[in-house]
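# Per-entry structural report
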Amino acid sequence: MSLRILVGCKRVIDYAVKVRVKPDKLGVVTDGVKHSMNPFDEIAMEEAMRMKEKKLASEVIAVSCGPQQSQETLRTALAMGADRAIHVKIEPKDYETLQPFHVSKILAKIVEEEKIDLVVLGKQAIDDDCNQTGQMTAGLLDWPQGTFVSNVEKVDGHLNVLREIDGGLETVKVSIPAVLTADLRLNEPRYATLPNIMKAKKKPMAVKSAADYGVDTSPRQEVLSVEDPPTREAGQKVESVEELVQKLKDGGFI
Amino acid sequence: GSTLVIAEHDNEKLTPVTLNAITAAKKLGDVSCLVAGTQCAKVAEEISKVDGVQKVLLADNEAFKGFLPESLTPLLLATQKQFNFSHILAGATAFGKNLIPRVAAKLDVSPISDIIGIKSEDTFIRTIYAGNAVQTVKSNDTVKLVSVRGTAFEAAGTEGGSAATENAPTAEINNSISEFVGQELSKSDRPELTSAGIVISGGRGMKNGDNFKLLYDLADNMKAAVGASRAAVDAGFVPNDMQIGQTGKIVAPDLYIAVGISGAIQHLAGMKDSKVIVAINKDPDAPIFQVSDYGLVQDLFKAIPEMTEMTKK
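About the cut-offs
- Residues numbered from 1 in each chain as written.
- Chains lettered and ligands numbered in written order.
- Predicted model: local features only at pLDDT ≥ 70, side-chain atom pairs only at ≥ 80, totals over all residues.
- Heavy atoms only, no water.
- UniProt positions renumbered as here; feature names shortened; annotations may be inferred.
- Contact = heavy atoms within 4.5 Å.
- Salt bridge = Lys/Arg side-chain N within 4 Å of Asp/Glu carboxyl O.
- Polar contact = N/O pair within 3.5 Å; in protein donor to acceptor, adjacent residues only side chain to side chain.
- Helix = DSSP H or I, 4+ residues; strand = E, 2+ residues; numbered from the N terminus.
- Expected span 1.5 Å × (residues − 1).
- Axes fitted to C-alpha atoms, helices over the stretch in contact; angles between N-to-C directions.
- Parallel < 35°, antiparallel > 145°, perpendicular 65-115°, else oblique.
- Left-handed = near helix turned anticlockwise from the far one by under 90°.
- Nonpolar A, V, L, I, M, F, W, Y, C, P; charged D, E, K, R; others polar.
- Pairing = 2+ DSSP bridges.

The name recorded for chain A in an unreviewed UniProt entry is Electron transfer flavoprotein subunit beta, from Mizuhopecten yessoensis. On record in UniProt, under Sequence similarities (unreviewed entry), the comment for chain A is "Belongs to the ETF beta-subunit/FixA family."

Below, the structure written as structure tokens:
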């Protein structure tokens, strides 16, 4: 069985950017800020490509739900090797309240339409830090979920999944079709080479809307405020280990 | 309101984060706890004594081996159908993060992850962007599915409660899609990272995995847990379950000692709520010094053995 794989590619503020809260305290500044593919989604895309290179997958489709600029993120996915892309265009106003709740519904619909066998997503997006989309997509489809994955092997008709859990590692066996979410150690994503970036420009990208998939994007949650976290004042420098140990003794730690 | 806390445990004893989740649940209404597992009656007994727990629902079934979300979700749905809780909570751990969103999807609810505060029964506080912003979010769903950051809530007392235990509703658990194979848990006599009073963490400055022994020796003198930055995990020095930060564990001990850690945003996200922060780094410009109460600019390979010597019993 050769798998048809769907990979989620969220456009997020680049991990190296220091985010700033907007003056209206309802969000963070995104205009003029560098964005990239969510790092965990890059890992997901890499894993899909490796499956394709091992001839386990027949087609890899990249999907992103977001504003017009999400197409740049999808071009990166195509340059990494995805065969084609689906941009589910969300108007900026709706995007402010779009959540994993909505995205998972869209993904589940695409799965049906495109006859997908395996969904590979990042375990969490580094903007909202929700860590929900994979689990919710699996739930909607009644598929098994291999979350926080650091290794995956296809054995016959199922997947052996190594998961990162709190005290160590866990192995679960899931049947196919399935949803996987990538953790940090699953792989090291490749860089898109210039020839591949050029090639990616010619690969097909479908533009759809949430309504095309029959998904209602009306908000279930309201963000009442977004604020700066309490700041921590830098304390004092100590000159020696001796002085440090004395401070810790004074604090009752030793 | 009436809340359900999904207990996290290993069939023998309760995972500490459950006690923090119970404290969060108490702010929302009456507290029931669901103990689902395999021969887990002991856990039900333990949780029935926790202060503030009114009812314990026990679901003891071979099918819950490995606590797979594919098996637990039908149980949660049956339980919700019978009791109509206003809130369903679990700790924001590998277990809770795996389960809560799946249940939420089946209930057609938008879950709220990793809350650090409760403003009212429908309004919660959580962090976004690795803790660089704090969001207050109001849920319009009729039932709220929430995962709770353990370090943000006190642990409920383990005595004083006398909850009645009853069997959870029976659900048809027919999981042919996933199977638990096994676990490899890191063995350690040191305290567990997320509930330890003192945490000592190493970063890229440790240079290799063997050098972490320096931190283990100091940790043993101080009864501390040992963690690591993402850089140290990425470099392969230590396993991922030691990672502290946005994509790893969140800790908030009384004392946090960062050793050879520069202080990337992602790392600060995981430890900046610690009560006292100590940084030891030979680079005086390392950002970690901007959040530390006590900073020592020194080579860790000199400072840590000295500190170990001075803290010897």
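## Brief notes about the interface of chain A and chain B
Facing the 74 residues of chain A at the interface are 89 residues of chain B. Residue Asp108(B) pairs with Lys105(A) through a salt bridge whose shortest N-O separation is 2.7 Å. For the interface between chain A and chain B, the tally reads 51 residue pairs in polar contact (both at pLDDT 80 or more). Elements represented by at least two residues in the side of chain A that touches chain B include exactly α4 (100–114), α5 (133–141), β7 (145–155), β8 (158–165), β9 (168–175), β12 (221–227), β13 (236–238) and α7 (241–250) of chain A.

## Focus: helix α3 (residues 69–83) of chain B
Look at α3(B): 20 Å from first C-alpha to last across 15 residues, which is about the 21 Å you get at 1.5 Å a residue. Looking one or two places after α3(B), you find Asn84(B), whose phi comes out positive at around 55°.

## Points about the packing of α5(A) against helix α4 (residues 94–107) of chain B
Running from amino to carboxyl end, α5(A) crosses α4(B) at an angle of 45°, the nearest separation of the two axes being 7 Å. For the element pair α5(A) / α4(B), the angle class is oblique. The handedness of the crossing between α5(A) and α4(B) is right-handed. For the pair α5(A) and α4(B), the contacting residues are Gln135(A), Met136(A), Ala138(A), Gly139(A) and Leu140(A) in the first and Lys97(B), Asn98(B), Pro101(B), Arg102(B), Ala104(B), Ala105(B) and Lys106(B) in the second. Here the residues of the contact of α5(A) with α4(B) sort into six nonpolar, three polar and three charged.

## Re the sheet that holds β9(A)
Strand order across the open sheet formed by ten strands is β11(A)-β5(A)-β4(A)-β1(A)-β6(A)-β10(A)-β7(A)-β8(A)-β9(A)-β10(B), with mixed pairing between neighbours. In the strand order of this sheet, the two ends are held by β11 (205–209) of chain A together with β10 (178–185) of chain B, each with one partner. Each strand axis lies, on average, 30° off the axis of its neighbour in the sheet, ignoring direction. As paired strands, β9(A) and β10(B) are joined by seven bridges and run antiparallel to one another. If you follow Gly168(A) over to β10(B), its bridge partner there is Leu185(B). Docked against the sheet, α5(A) engages β6 (118–122), β7 and β10 (178–182) of chain A, running at close to 175° with respect to β10(A).

## A word on the side chain of Gln71(A)
Secondary-structure assignment places Gln71(A) in helix α2 (residues 70–80). A distance of 3.0 Å separates a polar atom in the side chain of Gln71(A) from a polar atom in the side chain of His87(A).

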